[in-house]
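Each chain is listed here by its residues.
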Amino acid sequence: GIQVEQSPPDLILQEGANSTLRCNFSDSVNNLQWFHQNPWGQLINLFYIPSGTKQNGRLSATTVATERYSLLYISSSQTTDSGVYFCAVGSGGSYIPTFGRGTSLIVHP
Amino acid sequence: DAGVIQSPRHEVTEMGQEVTLRCKPISGHNSLFWYRQTMMRGLELLIYFNNNVPIDDSGMPEDRFSAKMPNASFSTLKIQPSEPRDSAVYFCASTQSLGNEQFFGPGTRLTVL
């Protein structure tokens with residue numbers, strides 16, 4: 001099956017800093033999502049982005065399917081951005097997403 | 001619109017007891033997924049349904065686990081008998097159709113003593 005690798009595994013920021021999270025995958029994709037799991041455990045949809053670029057407020061994402069990676073940008077980070085960010089990728093004939101191990105983000109005030 | 005609804009939110013039980021977790025997908029969604037999340041193994045897909053039919057249950061850890069979807073608006077995940085190693089957060093998710101954006105419920109935190 002497809003391999004999904006996220007980097008970095010851990011990230012610590014001061015409030016106001018910018019960051020880039022990366023998701024590499026080993027095969028062509030037919031769907032890709034970014035999720036934020038907040039400190040209370042809820043999985044929140046950020047982007048559904050099998051290709052192209054999307055923006056939502058301080059967050060944006062870009063998927064370059066031909067080069068098999070996706071990036072999540074967080075600008076002017078806030079303490080509420082803390083949590084784990086997951087990339088989930090479906091590929092080939094399977095529409096079932098495979099989750100990466102996540103990037104754990106801590107934003108200090 | 002209501003999102004994916006799961007109940008109970010927390011369950012504490014003793015080893016050997018039967019546990020039933022419940023899920024109501026988003027109305028109009030045709031695919032439903034059960035996941036388990038632990039620190040050691042991350043998010044694991046247990047089983048998924050399409051149009052109420054189980055498609056792939058290869059992620060179900062053993063025969064103690066079973067899942068049903070009797071209609072488009074309800075699914076259950078049952079563990080019988082439960083064991084301490086089943087302690088985890090169990091998530092239900094739904095999509096309009098396979099390959100579309102997936103939406104997760106709040107999860108059920110299960111503790112088996």
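In case you missed it, the structure is sitting above this.
Every chain is numbered on its own, with residues counted from 1 as its sequence reads. Note on labels: chains are lettered from A, ligands numbered from 1, in written order. Under the rules for a predicted model, residues below a pLDDT of 70 receive no local features and side-chain atom pairs below 80 are neither given nor counted, while totals for whole chains, interfaces and linings still include all residues. Side-chain numbers here rest on the full set of heavy atoms in the structure, without hydrogens or water.

### What to know about the overall build of chain A
Right, so step 1: The numbering of helices and of strands both runs from the N terminus, where a helix is a DSSP run of H or I of at least 4 residues and a strand a run of E of at least 2. Looking only at helices and strands, one finds 0 helices and 11 strands in chain A.
Right, so step 2: Walking chain A from its N terminus toward its C terminus, one meets helices and strands in the order β-β-β-β-β-β-β-β-β-β-β.
Right, so step 3: For 109 residues, the compact-globule formula gives about 13 Å, and the C-alpha radius of gyration of chain A, at 13 Å, lands near that figure.
Right, so step 4: Taking the principal axes of its C-alpha atoms as reference, chain A extends roughly 45 × 25 × 20 Å.
Right, so step 5: The cut-offs for exposure are 20% and 50% of the maximum accessible area for each residue type, with area from a 1.4 Å probe on protein chains only; residues under the lower value are buried, those over the upper are exposed, and the others partly exposed. A total of 109 residues make up chain A; the buried ones form 49% of that total.
Right, so step 6: Taking contacts inside chain A between residues at least 6 apart in sequence as the whole, the part at least 24 apart equals 56%.
Right, so step 7: For chain A, the accessible area works out to roughly 5,200 Å², and carbon and sulfur atoms hold 49% of it.
Right, so step 8: This count recognises Lys and Arg as positive and Asp and Glu as negative, with His and chain-terminal groups excluded. By convention, the charge on Lys lies at NZ, on Arg at CZ, on Asp at CG and on Glu at CD. Treating the 5 positive side-chain charges of chain A as one cloud and the 6 negative ones as another, the clouds have centres 5 Å apart. Only C-alpha atoms enter the radius of gyration, while the globule expectation follows 2.2 Å times N to the 0.38, with N the number of residues. We call two residues contacting when some pair of their heavy atoms lies within 4.5 Å. To measure how exposed things are, a 1.4 Å probe is used in the Shrake-Rupley method; for residues, cover is taken only from the protein chains shown.

### Here's the deal with the pattern of salt bridges
All names here are of chain B.
Right, so step 1: When a carboxyl oxygen of Asp or Glu lies within 4 Å of a side-chain nitrogen of Lys or Arg, that pair is called a salt bridge. Summed over the entire model, instances satisfying the criterion amount to 9 salt bridges over all chains.
Right, so step 2: Notably, a salt bridge pairs Asp-86 with Arg-64, separated by 2.7 Å at the nearest N-O pair. Taken as a pair, Asp-86 in the loop between β8 (74-79) and β9 (88-95) and Arg-64 in the loop between β6 (53-56) and β7 (65-71) lie far apart in primary sequence, 22 residues in all.
Right, so step 3: A salt bridge links Glu-83 to Arg-85, with the shortest nitrogen-to-oxygen separation between them at 2.6 Å.
Right, so step 4: Among the residues examined, Glu-83 registers a relative accessible area of 22% and is labelled partly exposed.
Right, so step 5: Judged by its relative accessible area of 54%, Arg-85 falls in the exposed class.
Right, so step 6: Beyond isolated ion pairs, a larger network of salt bridges with shared partners links Glu-62, Arg-64, Glu-83, Arg-85 and Asp-86.

### Focus on the pairing of strand β4 (residues 31-38) of chain B
For a regular strand, side-chain orientation follows a simple rule: the groups alternate between the two sheet faces.
All names here are of chain B.
Right, so step 1: With 7 of 8 residues buried, β4 lies mostly within the body of the structure.
Right, so step 2: Here 8 bridges tie β4 to strand β5 (residues 42-50), and the two strands are oriented antiparallel to one another. Looking at the pairing, Arg-36 lines up with Glu-44 of β5.
Right, so step 3: Connecting β4 to the antiparallel partner β5 that follows it, the hairpin turn spans 3 residues.
Right, so step 4: A pair of strands is considered paired only if DSSP assigns at least 2 bridges between the two. The pairing of β4 with β9 spans 7 bridges and is classified as antiparallel. Its bridge partner being in β9, Arg-36 is matched across the sheet by Tyr-90.

### Some remarks on the interface of chain A and chain B
Right, so step 1: Across the boundary between the two partners, chain A contributes 14 residues, which contact 18 residues of chain B.
Right, so step 2: For the pair chain A and chain B, the summed buried surface comes to about 1,400 Å²; carbon and sulfur atoms form 58% of the total.
Right, so step 3: Definition of a polar contact: a pair of N or O atoms within 3.5 Å, with one able to donate and the other able to accept a hydrogen when the atoms are protein atoms, and with sequence-neighbouring residues admitted only if both atoms are side-chain atoms. At the surface where chain A touches chain B, the tally comes to 7 residue pairs in polar contact (both at pLDDT 80 or more).
Right, so step 4: Ranked by residue count, the leading element in the side of chain A that touches chain B is strand β4 (residues 29-37) of chain A, at 4 residues.
Right, so step 5: Within the side of chain A that touches chain B, the residues separate by chemical class into 8 nonpolar, 5 polar and 1 charged. Buried area, as used here, totals the accessible surface that two parts lose on assembly, with accessibility defined by a 1.4 Å probe and the loss added over both. We call Asp, Glu, Lys and Arg charged. Ala, Val, Leu, Ile, Met, Phe, Trp, Tyr, Cys and Pro are nonpolar, and the rest, Gly among them, are polar.

### Remarks on the pairing of β7(B)
Residues and elements named next belong to chain B.
Right, so step 1: Looking at chain direction, β7 and β8 are connected through 5 bridges and run antiparallel. Bridging across to β8, Asn-71 finds its partner in Phe-74.
Right, so step 2: The turn linking β7 back onto β8 is made up of 2 residues.

### What about the nonpolar core?
Right, so step 1: Throughout this description, the term nonpolar core refers to a set of buried Ala, Val, Leu, Ile, Met, Phe, Trp, Tyr and Cys residues connected via side-chain atoms within 4.5 Å. In terms of nonpolar packing, the biggest core is built from 22 residues, with Trp34(A), Leu72(A) and Val89(A) touching the most fellow members.
Right, so step 2: Apart from residues lying up to four places away in sequence, Val89(A) is in contact with Ile2(A), Val4(A), Cys23(A), Phe25(A), Val29(A), Asn31(A), Leu32(A), Ile96(A), Pro97(A) and Thr98(A).
Right, so step 3: Of all hydrophobic cores here, the second largest spans 21 residues; its members include Phe49(B), Met60(B), Leu77(B) and Tyr90(B).

### A look at the environment of Ala88(B)
Residues and elements named next belong to chain B.
Right, so step 1: When you line up the elements, Ala-88 lands in strand β9.
Right, so step 2: Note on Ala-88: relative accessible area 8%, which makes it buried.
Right, so step 3: Sequence separation between Ala-88 and Arg-109 is 21 residues; the distance between their C-alpha atoms is 6.0 Å.

Any link to function would need more than the numbers given here.
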